[in-house]
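Structural features, examined
What follows is the residue order along each chain.
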Amino acid sequence: MTSNPAILTEKLTKHYGDVKALVDLDLTVHRGEVFGFLGPNGAGKTTMIRTILDEIRPTSGSASILGMDSHAQSVEIRDHIGYVPGDLALYPNLTGRDTLTYFANLRGGVDWSFVNELAERLEADLTKKVGDLSSGNRQKVGLIQAFMNKPEVLIMDEPSSGLDPLMQREFQKMMREVAADGRTVFLSSHTLSEVERVADRVGIIRRGFLIAVEEVASLRSKAIRTVNLYFAEPVDGKVFEPVPGVRDVRVENQHVSLSFDGRMESLLKVVAQRYNLLDITTQEADLEEIFLTYYEEASA
Amino acid sequence: MLSTVLTKTFLDRWKGEAIGAMTLILLFLMGMAVYRDIDLAVYTDLPEVFRSLMNIPADADVGALAYGAIYTSYGALTLTSLALSMGSASIAGEEKDGTMGILLGNPKSRTHILVSKGANVILLTGLGSLLLWAGGVAVPALLDVDVTGIHVGALVLHMFLIAVFHGFLALVISAWTGKTSIASGVTIAVMVISFFAVGILPLISGLEAGVKAFPWYYFSGSQPHLNGVSWGHAAVLLAGIVGFAGAAVVGVNRRDLRDRELGAGLVDRLRSHPLTQKVVERLAGSTRVSRIWVKTASEHQGVLIVVSYVMFLLMGVAIGPMYNFIDDALISLADAFPPEVLSLFGGGDISTPEGWYQIETFGLMAPIAFMVVTVMIGSRALAGEEAKRTMGLLLANPIKRSTVVLEKTLAMVVYALVVGVALFAGVALGSIFGGLGMSITNIAATTALATLLGLVFGALSFAISAATGRVRIAVYGTIAVALVLFVANGFLPFSDSLAGLAKWTPVHYYLSSDPLNNGMNWTHAGVLLILFGLLTFAAVALFDRRDLRQAA
């Protein structure tokens, strides 16, 4: 079992009538990684998660978690996973502790000292009724519930919604610890900064199609940077255009701004030969820009 | 805004109203077809007091019988139940769903929302009434039955008013408390008590005038289908409606809105009290969440307590001694009763204690009581978790879907057993206190059959809930099927050619063997048990097969 990927989908397809929510999704999530699953609203993220958890059944194709078939072995799978659904709903008339006890009873083998440790880290109040908690505090109960059995695979759909920035940071730490422990985190999210911070790889889904799977590091290296150059004298923008990777050159007297995804060395060579360079700043594109680039390319 | 809130509420609710009305028209068609077929002397020879109870005049014809039996009882109760469900969900429902805040984020007042909700009760009850009126006119024409002298319009107008009356009573409670459960619970209690008071009080000499204290009297007391609109009675109901509307406006404006409905029940209070904390913490905390069925069973304790109490004390213990008060009057009349007539009330020889209990308690009230608890769990156990979006999380645990269905079915069985024990104990004590000398074993047998019948309908609602994932379809679907089966079982034996069909209704296997007198009929119990098993199996299979719903 240990050689099997954490999550594997093959041609996974789900149609709701005429609506194609997932189309031929092939995805491998490795063990020990934090995998970020990105996509706009309605792209199929939640459908994918609900399908691999056997909440809904694929129209065609298959999925497995830790080598076990998502439908035929769904009960065995659930022994090894933790799950935070998107738009988390809990039983409002139970306290946080009741809620956790309920799920611990259904699951068995939960270490309560670890539960208490998690509650302490997330500053969760487990004595109040869940219905009386704010959405962020309710979310903490959902997170503890998913982490408490130290699952092999954590599947979380928008898990940090409602958490304040401090708690988000703690939660990100918890995810990295899971990965460091050799276990896997599958994180569906809109919060790009979070994915950027914790994920090893990201998959981008749009309109049911998986359009890219990349390592976060390589995604960033491909990223287009904005370069600002400040000269002692007015310059001619045309000089920069032949340099490989240069785009969108804008000139304002002694200031040049351009988009660049080539090797910095070749750009600097051209600059230094012609002009007297006073200052240079580069602005690295964040994941959001990469993300948008992918969307634009895919929809083009 | 007014029209928007109204339109949305209307669109949310119109299907239930239309299904309710169409089911009633179907029953009416069936009833009238059977009445056309039989010798009406069985009705017209009845003692006067019973004819008046059942809304049957001395010279009753097919029309008068059909309207009296179907429209004034089942019809009015159904229309009223729908109205009170709308009324109780109105303000409190939005609060329970947590949508009140966003609704009031728009530049309109609470009064506006309340008026929209109230207008919807009137509009949809009007729609239901209109359908019933159309059915009431069309069915006799279709069957070629002469209904001269029957005031369908007047009857339907009275029905409309009694329904809106209860709808607005629920609305006012909903507006003052923000709790749907209190609004619907109190209003249902008013409806049921008043329905039975109007039926029973005229039987007890000296208390006849007491009926005027009950709203239902102003609906049926004047026999509007025979005598036309009683403007005096209509005015009483209308005054009530206007009064409730005014009180609702005051109520909704003066209190804090609730965020979400979270009742702090008795258990919660005990749990926070230092004296009881330790014990209750164990019971309400760790025990409550120890198993799926225990948790499910903990969720509807309020209804279970009320139903068990009503069946034990009011329908059990109290009915026995009452027999001695009206015994003499009834025995002299008993000979005049053809058994077929009483079969509508569950049958039985009213001159005997067993017959008295059968008519008062077991015939109609016991099946209703069992269905209240079994259908409540059956319809909500699966579809309710889906509507509240907790099913996904529950099934993320290493348990099979079939386990969930079976554990929740177990909770339903436990509830049915609690009601069964309460009913058995109540009737047994009633028999002892009243000195009636009924067989305790036979009471146990009858209670067991009632429990099984309740479980059959509960399992039906489970199966519908498992197949559709929708609470409302499960509730209304089960009630519609139960209504048709009960009436069919009551009516079919009247017609020689159709009598055999009664065996096809599960209701037949409840009282047809007269278990209060003859003891347990194991074959009948077996039929009900097998039916329960089959429906439970269907629920497991249907739930296992489909996609879970994501939201309400």
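Going by the structure above, here's the rest.
This section reports on the structure supplied with the text. (Residues numbered from 1 in each chain as written. Chains lettered and ligands numbered in written order. Predicted model: local features only at pLDDT ≥ 70, side-chain atom pairs only at ≥ 80, totals over all residues.)

**Re unusual backbone geometry**
All names here are of chain A. Here is the rule we go by: Secondary structure elements are taken from DSSP: a helix is a run of H or I of four residues or more, a strand is a run of E of two residues or more, and numbering for both begins at the N terminus. Working definition of burial: number of other C-beta atoms within 10 Å of the residue's own, with buried at 20 or more, exposed at 12 or fewer, and partly exposed in between, all C-beta atoms being placed from the backbone.
Its identity as a non-glycine residue notwithstanding, Glu123 has a phi of 50°, on the positive side. Positionally, Glu123 belongs in the loop between helix H4 (112-121) and helix H5 (135-147). Of the residues examined, Glu123 has 12 C-beta atoms within 10 Å and is grouped as exposed. With phi around 50°, Asp248 is a residue other than glycine that occupies positive phi space. Note that Asp248 resides in strand S12 (residues 246-252).

**Examining the interface of chain B and chain A**
Put simply, the rule is: Whether two residues are in contact is decided by their C-beta atoms, placed from the backbone, lying within 7 Å. Each residue gets one of three labels, nonpolar for Ala, Val, Leu, Ile, Met, Phe, Trp, Tyr, Cys and Pro, charged for Asp, Glu, Lys and Arg, and polar for the others, Gly among them.
On the side of chain A, 27 residues touch chain B, which itself brings 22 residues to the contact. Secondary-structure elements contributing two or more residues to the side of chain B that touches chain A are helix H13 (277-287) and helix H21 (391-394) of chain B. Its residues placed into classes, the side of chain B that touches chain A shows 8 nonpolar, 6 polar and 8 charged.

**Here's the deal with the sheet that holds strand S13 (residues 255-260) of chain A**
All names here are of chain A. Stated formally: Pairing between two strands is assigned when DSSP locates at least 2 bridges connecting them. Axis angles are defined between N-to-C directions and span 0 to 180 degrees, where every axis is a line fitted to C-alpha atoms and, for a helix, only to the segment in contact.
Judged by pairing direction, the sheet is antiparallel, and its 4 strands sit side by side in the order S12-S13-S11-S14 without closing on themselves. Two strands in the sheet have a free side with no partner beyond their single neighbour: S12 and strand S14 (277-283). Pairwise comparison of adjacent strand axes, ignoring direction, gives a mean angle of 15° for this sheet. Bridge count for S12 against S13 is 5 bridges, and the pairing is antiparallel. Residue pairing for S13: Val246 is matched across the bridge by Phe260.

**Regarding the pairing of strand S10 (residues 209-215) of chain A**
Residue and element names in this part refer to chain A. As paired elements, strand S9 (residues 201-206) and S10 share 6 bridges and run antiparallel to each other. Counterpart to Ile204 in the pairing with S10 is Ala212. Hairpin connection between S9 and S10: a loop of 2 residues separates the two successive antiparallel strands, and Arg207 in this loop has a positive phi of roughly 50°.

**Considerations on helix H27 (residues 522-545) of chain B**
How we decide: Here the expected length of a helix is defined as 1.5 Å per residue gap, with one fewer gap than residues.
Helix length check: H27 of chain B (24 residues) gives 34 Å between terminal C-alpha atoms against 34 Å at 1.5 Å per residue, within 8%. For H27 of chain B, every residue scored as buried is listed here: His524, Leu528, Phe532, Leu535, Thr536, Ala539, Val540 and Phe543 of chain B.

**Comments concerning the sheet that holds strand S4 (residues 60-65) of chain A**
Residue and element names in this part refer to chain A. Strand order in the open sheet made by the 4 strands is S2-S1-S4-S5, with antiparallel pairing throughout. If you trace the sheet from one side to the other, it starts and ends with strand S2 (19-29) and strand S5 (68-69), each paired once. Pairing analysis gives 5 bridges linking strand S1 (residues 7-16) to S4, with the strands arranged antiparallel. Across the sheet, the residue bridging to Ile7 is Ile65, located in S4.

**As for the pairing of strand S3 (residues 34-38) of chain A**
Residues and elements named next belong to chain A. Burial analysis of S3 places 5 of its 5 residues in the buried class, the great majority of the element. Pairing geometry for S3 and strand S8 (residues 184-189), over 5 bridges, is parallel. In the strand pairing of S8, Phe37 is matched with Ser188. Pairing of S3 with S9, which is carried by 4 bridges, proceeds in the parallel orientation. Bridging across to S9, Leu38 finds its partner in Ile204.

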